[in-house]
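Analysis of the macromolecular model
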Amino acid sequence: MKNKNIVISILIISAIVVAIIINKNRQKNDNSSAIIIGILQTASHPALDAAREGFVDTITKNSNGTINCIVYNAEGSMINAHAIAQRLHADDSIKAIYAIATPALQAIASVEKTKPILIAAVSNPHDLGIIHEKTNICGTTDMIDIPGTIKSIKTILPYVATIALIYNPSESNSVAQITIMDKELRRHSITPLHVGITTEIEVPQAIASALSKADALLAPTDNLVASAMPIISHLAHQAQKPLIASHNDAVKQGALMARGVDYYECGKATAGIALQVLCNGKKPYNLPIAPAKSDTIMINKQLSDELGITIAKISDTIMYINSNK
Amino acid sequence: MLSEWLIIQGIVERGLIFSISVMAIYITSRIIRFDDLSVEGSFGLGGALMALLLTHNMTWLLALALITIAGACAGLATGLLHTKLKLNNLISGIVVTTALFSINLKIAGSNMVLGGKTTLFNIIPGVINMKIVILLPAICALLFIIKWFLNTECGFLFKAVGDNPQMLTNLGKNAHTYTIAALMLANGLTALAGAIFVQYVGYFSIWSSVGILIIALAGLILSETFGRTFGFSLLIGAILYQAIIAATFEFNVDPEWNKLITALLIIVMIALKKHSSIFTQRQS
């Protein structure tokens, strides 16, 4: 029977895949004396990946193999994030959880009340109603220095009169930053133009329209914008208009400048806090949630030459980098 | 032992909540044969309204009632677009879901925390970590109510919309009225599921409704390997899909493979069932 053969072959293939996976899984868990940190990452994009790599690299380097990490990725689905959170909570061999970005933190914080939760790439954890006196949450935020960013825009690009703010109105971290950006821009008498995008498919039209109306583009640390950075920078480059981002990786992807957060460094800083909690026995509620460092301006050398921008002398550190093409 | 129980409990709890959406999809796809995509929007609408109403100190029971009505209104919109403006059924659903995304953002923003308000899960003190104790009887009761309703005269007329609309005309009934009514029921149920989900996790996020359509459809298809009538198979299908997602994470491979593994597990499930039915057919 033809039908039956197909079914059987599918079953065999699946069984093989499953066998390989289980085998691989066993090898990973051989080192049973090690402390295991479960990592819950919200989605895959360069900024969050960097936050994960910075953390894992630091932990591996400083723990001499006594701490292992297991990575879980919710791939943007809240429901997956909850399934993973429940799993991490239930697994006794997992001693701590590293949550990357706000949705991951909310999912894990809703089930896990005792194991330490380490965070990174979360902008405003205090607004989520989960930080209290005896909290089990500690780590770093990725809130950027917005007044500083706007000031450097004003110095480096003095001709700019209208700036389009590109963000996803359905990300709470972005909305929080946009409110401050709007206020700061008005204070420097620059007209802000709000451009909301909610899916990657809308990006090309929205950016094209923004570029026709504004002198420059400015984006907060937005997950959607971070994912769509290549196309946004391409369109801005075509229109010969500057694009200012809030995460430093964007400069390599073709943004003109960023005075933002280096997510690899965020991961490293959170890993340092993790080591204090897991190795030195510090309590999470004694460790304040530290803001990320953002005092260096990253500038894309090729692009600033091409746009004919002369960088004025300013007090901030400037780092020139090239696009990775 | 305890830890496995916690994982299984989580799977069953999430499965039970999403089984309400599976019931809704059953009513639209299987009874009136109208592929309704607006469920993704109404799930979010239910969640957004629940967050808003609870943080404005409304009691959860009244909120649930209002939310079911609001969800029904979303269904009404889909139905009217289809029957009055003659929009294709898929487009009507897409339009309503798209519109509801903005409405949900306006209602509750992208993220709203309930912050210790009294919810459905507080009615029996001390079960906050055993939400299944409340969910299981509540969902079963809901299932029985709808099962009973589908056997009333109105329920049979719903079935006629899908099977034989001409019969409705012969009876002097308007098929459009029953299409709209069924869509209202389905979307009201989905909004209810969204509202319960928000109480379950303690916060509303605009992203929680993303993918709910796939969850409901996959749950429905899996349930049909157990039985094609409206009944407990719908709950089992929804729970099974959550189990598949959880199993994917249990394998603990490179996370980039997760979706492929989920897909393979679904194929295996359905293939296994098909295979065994071939077997029984040959015997008889």
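Structure's up top.
Our subject in this report is the structure included herewith. Since the structure is predicted, the reported quantities are computational estimates derived from the model, not experimental observations.

A few words on the pairing of strand β1 (residues 35-41) of chain A. Residues and elements named next belong to chain A. Most of β1 is tucked away, with five of its seven residues classed as buried. Two elements, β1 and strand β2 (residues 67-73), share seven bridges in a ladder whose sense is parallel. Paired with Ile35 across the strands is Ile67, a residue of β2. Between the parallel pair β1 and β2, the chain is carried across by helix α2 (residues 46-63), and the sense of this crossover is right-handed. Bridging between β1 and strand β3 (residues 94-100) involves six bridges; their strand directions are parallel. Counted as the bridge partner of Leu40 is Ala99 from β3.

Two strands in a sheet stick together by hydrogen bonds in their backbones, pointing the same way (parallel) or opposite ways (antiparallel). Residue and element names in this part refer to chain A. Read across the open sheet, the seven strands follow the order β7-β6-β8-β9-β10-β12-β13; overall the sheet is mixed. Only two strands of the sheet have a single partner each, and these edge strands are β7 (191-196) and β13 (317-321). Within this sheet the neighbouring strands show an average axis-to-axis angle of 25°, counted without direction. By the bridge criterion, six bridges tie strand β6 (residues 162-167) to β7 in an arrangement that is parallel. For Tyr167, the partnering residue across the bridge sits in β7 and is Gly196.

With that out of the way, let us pick up unusual backbone geometry. The backbone of Ser189 of chain A shows a phi angle near 45°, a positive value even though the residue is not glycine. Tracing the backbone shows Ser189 of chain A in the loop between α6 (172-187) and β7. Note on Ser189 of chain A: 8 C-beta atoms within 10 Å, which makes it exposed. Even without being glycine, Asn57 of chain B reaches a positive phi, approximately 65°.

Tallying the contact residues gives 39 residues for chain A and 39 residues for chain B. Within the residue set of the side of chain A that touches chain B, elements represented by two or more residues are α1 (2-28), β2, α3 (78-90), α4 (102-111) and α6 of chain A. Considering only residue class, the side of chain A that touches chain B consists of 17 nonpolar, 15 polar and seven charged.

Definitions and limits used
- Residues numbered from 1 in each chain as written.
- Chains lettered and ligands numbered in written order.
- Predicted model: local features only at pLDDT ≥ 70, side-chain atom pairs only at ≥ 80, totals over all residues.
- Buried ≥ 20, exposed ≤ 12 C-beta atoms within 10 Å, placed from the backbone.
- Helix = DSSP H or I, 4+ residues; strand = E, 2+ residues; numbered from the N terminus.
- Pairing = 2+ DSSP bridges.
- Right-handed = clockwise from strand over helix to strand, strands pointing away.
- Axes fitted to C-alpha atoms, helices over the stretch in contact; angles between N-to-C directions.
- Contact = placed C-beta atoms within 7 Å.
- Nonpolar A, V, L, I, M, F, W, Y, C, P; charged D, E, K, R; others polar.

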